[in-house]
Amino acid sequence: MDGTRLQGMVEVRRLGSTSGEAVFATMDIRRGTRLTAEVPVIIIPPVSDEKELAEFCKAVDKLPEDKIAEIAKLSCLPSAAENIKNDEGIRHQVWSFYKAKKWKDSQGNPLQGKKLQRSVKRTINLCTIYLTNNVQLGPEGKYGSGIFSLYSRIGHSCVPNAHNSWNPTMERLTVHTTRDLKAGDQILVDYTGNVCRTRQQRAFSLFNTWKITCNCVACTDPKINQLRHRMLVIDQALAAYTCGASKEPNFSADHGIPKIATAKEALKAAEELAQLLKRQGLYGMELCRVFRECSQYAFDSESFGKALGYARKELELEKVLIGTETAHLKDGLQGAKYWVKHIQKKVTQRRFG
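Residues numbered from 1 in each chain as written. Predicted model: local features only at pLDDT ≥ 70, side-chain atom pairs only at ≥ 80, totals over all residues. Heavy atoms only, no water.

Within the protein chain, the regular secondary structure consists of 13 helices and 11 strands. Relative to its full complement of 353 residues, the protein chain shows a buried share of 47%. A sequence separation of at least 24 residues applies to 65% of the contacts in the protein chain between residues at least 6 apart. Carbon and sulfur atoms form 50% of the exposed surface of the protein chain, whose accessible area is close to 18,800 Å². (Helix = DSSP H or I, 4+ residues; strand = E, 2+ residues; numbered from the N terminus. Buried < 20%, exposed > 50% of the residue type's maximum accessible area, 1.4 Å probe, protein only. Contact = heavy atoms within 4.5 Å. Areas by Shrake-Rupley, 256 points an atom, 1.4 Å probe, with all protein chains shown as cover.)

Below, the structure is given as structure tokens:
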């Protein structure tokens, strides 16, 4: 089909001459299905923000032409691209890269005049694509960042139907469906990474980074925005309880956040947050995190049956979102499987110890 490229259960379609591409289901797909396990076209090691572009330039310089062409095919909105291309800081970093190479290309051939200008322009264009399409690999870029050909074409929604996750065990970016899909449904993920935010907060993040204006139901229905605001308040209150900030005198008056004083109160709040997420069909990692919090608060409240029940709910949802290859999540009991075992052991000790 003209304008369409097949990728198994999904296909890439061009949306129009200026709208870029998107990914759609080619068949009915069940919740929890792995749509892709993608190897990065390019990967950048974990570095500070100041060194990120320099590392990207180095990596691009070593890429074969077919990989560079693959990156060059990816798109970003013209407004975002122009802002980046006209950024003097970015232009300076690219010129500094070639200066450090003594004005030579990847083969060691001298660059000068128009040839140098073309090389710099191409690298700036690639930087633009990288800055608008790269994915952090792991929490806060623990494993670096990368560009993925198929994933870069997946669109955003604040009510997503898919979840992406870098799996260092597999060394691939996986995308799983979070709900049943029908043939023709567009695959959508949440770019912002946190659904417990108001429409205004999400809009700022989306426009500031990608120049995107989202028109999903969560961004157009005032009733849903009210639910998201309630989610934000609960999320902040639980965070303050966990870090101990809620113990401060006049905490609620100073911060405008309800005070949670006990594990039982925290459990009640976390259970409300879980219900709000499920009510909106938000079966992503946020719900996994809330199930974990419910498990911990239930244990702290000596509700051991609830603690184990929520741990198992987290495990069930984790399998839907990232699969079962979770050896990399063993440290710190990050993975639900390891948390379940931990809670089982702790509950046994408390009951029979």
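So, next bit.
With antiparallel pairing, the 3 strands of this open sheet are ordered in space as β5-β7-β6. Of all strands in the sheet, those bounded by a partner on one side alone are β5 (42-44) and β6 (135-136). With 2 bridges joining them, β6 and strand β7 (residues 145-147) adopt antiparallel strand pairing. Across the sheet, Val 135 pairs through a bridge with Gly 146, a residue of β7. On top of the sheet, helix α1 (residues 49-61) reaches β5 and β7; it is set at about 145° to β5, its chief contact. (Pairing = 2+ DSSP bridges. Axes fitted to C-alpha atoms, helices over the stretch in contact; angles between N-to-C directions.)

In total, this model carries 0 disulfides according to the counting rule given. Looking at Cys 57, it has no disulfide partner, and the nearest cysteine sulfur is the one in Cys 127, 4.1 Å off. The cysteine Cys 76 is free of any disulfide, with Cys 127 supplying the nearest cysteine sulfur at 12 Å. (Disulfide = S-S within 2.5 Å.)

Another aspect to go through is unusual backbone geometry. Positive phi outside glycine occurs at Lys 102, with the angle close to 60°. Looking at where Lys 102 falls in the secondary structure, it is placed in the loop between α4 (88-100) and α5 (113-133). Its identity is not glycine, yet Glu 140 carries a phi of approximately 55°, on the positive side. A residue is classified by how much of its surface remains accessible, and Glu 140, at 78% relative accessible area, is exposed.

Now for the sheet that holds strand β4 (residues 34-38). The strands making up a sheet associate through hydrogen bonds between their backbones, and the pairing can be parallel or antiparallel. Taken in spatial order, the 3 strands make up an open sheet running β4-β10-β9, and their pairing is antiparallel. The open sheet has two edge strands, β4 and β9 (162-167), and neither has a second partner. Each strand axis lies, on average, 15° off the axis of its neighbour in the sheet, ignoring direction. As paired strands, β4 and strand β10 (residues 172-177) are joined by 4 bridges and run antiparallel to one another. Counted as the bridge partner of Arg 34 is His 176 from β10.

Along the chain, the position of Ile 71 falls in helix α2 (residues 65-72). Ile 71 sits in the buried class, given a relative accessible area of 1%. Taking C-alpha positions, Ile 71 is 9.8 Å from Ser 152, a pair spaced 81 residues apart along the chain. Aside from chain neighbours lying at most four places away, what touches Ile 71 is Val 41, Ile 42, Leu 63, Leu 126, Ile 129 and Ile 147.

For the structure shown, the criterion picks out 8 aromatic pairs. Over the aromatic face of Phe 24 sits the side chain of Arg 13, whose NZ or CZ is 4.3 Å from the ring centroid. Taking the ring centre of Phe 207 as reference, the NZ or CZ of Lys 211 above it sits at 5.3 Å. (Phe/Tyr/Trp six-rings, centres within 6.5 Å; stacked < 30°, edge-to-face > 60°. Lys NZ or Arg CZ within 6 Å of the ring centre and 35° of its normal.)

The end-to-end C-alpha distance of helix α11 (residues 285-300) is 23 Å, a good match for the 22 Å that 16 residues give at a rise of 1.5 Å each. Most of α11 sits inside the fold, with 12 of its 16 residues counted as buried. What α11 keeps buried is the set Glu 286, Leu 287, Cys 288, Val 290, Phe 291, Arg 292, Glu 293, Cys 294, Ser 295, Tyr 297, Ala 298 and Phe 299. Lining the buried residues of α11 we find α8 (222-243), α10 (263-279), α12 (304-322) and α13 (336-352). Glu 302, located one to two residues past α11, shows a positive phi value of around 65°. (Expected span 1.5 Å × (residues − 1).)

For the rest of this paragraph, the subject is the confidence of the model for the protein chain. Mean pLDDT over the protein chain works out to 92, with 97% of the residues at or above the 70 mark. In the model of the protein chain, strand β1 (residues 4-7) stands out as the element of lowest mean pLDDT, 54, in contrast to α10, which has the highest, 98. (pLDDT = per-residue confidence, 0-100.)

Below, the discussion takes up the pattern of salt bridges. If you walk through the whole model with that rule in mind, you get 15 salt bridges. Between Glu 272 and Arg 230 there is a salt bridge, and its shortest N-O distance comes to 2.9 Å. Taken together, the residues span a long stretch of sequence, with Glu 272 in helix α10 and Arg 230 in helix α8 at a distance of 42 residues. The class of Arg 230 is partly exposed, set by a relative accessible area of 35%. Across the pair Arg 289 and Glu 293 runs a salt bridge, and its minimum N-O distance is 3.0 Å. Pair noted here: Arg 289 and Glu 293 are both in helix α11, with a separation of 4 residues, about one helical turn. (Salt bridge = Lys/Arg side-chain N within 4 Å of Asp/Glu carboxyl O.)

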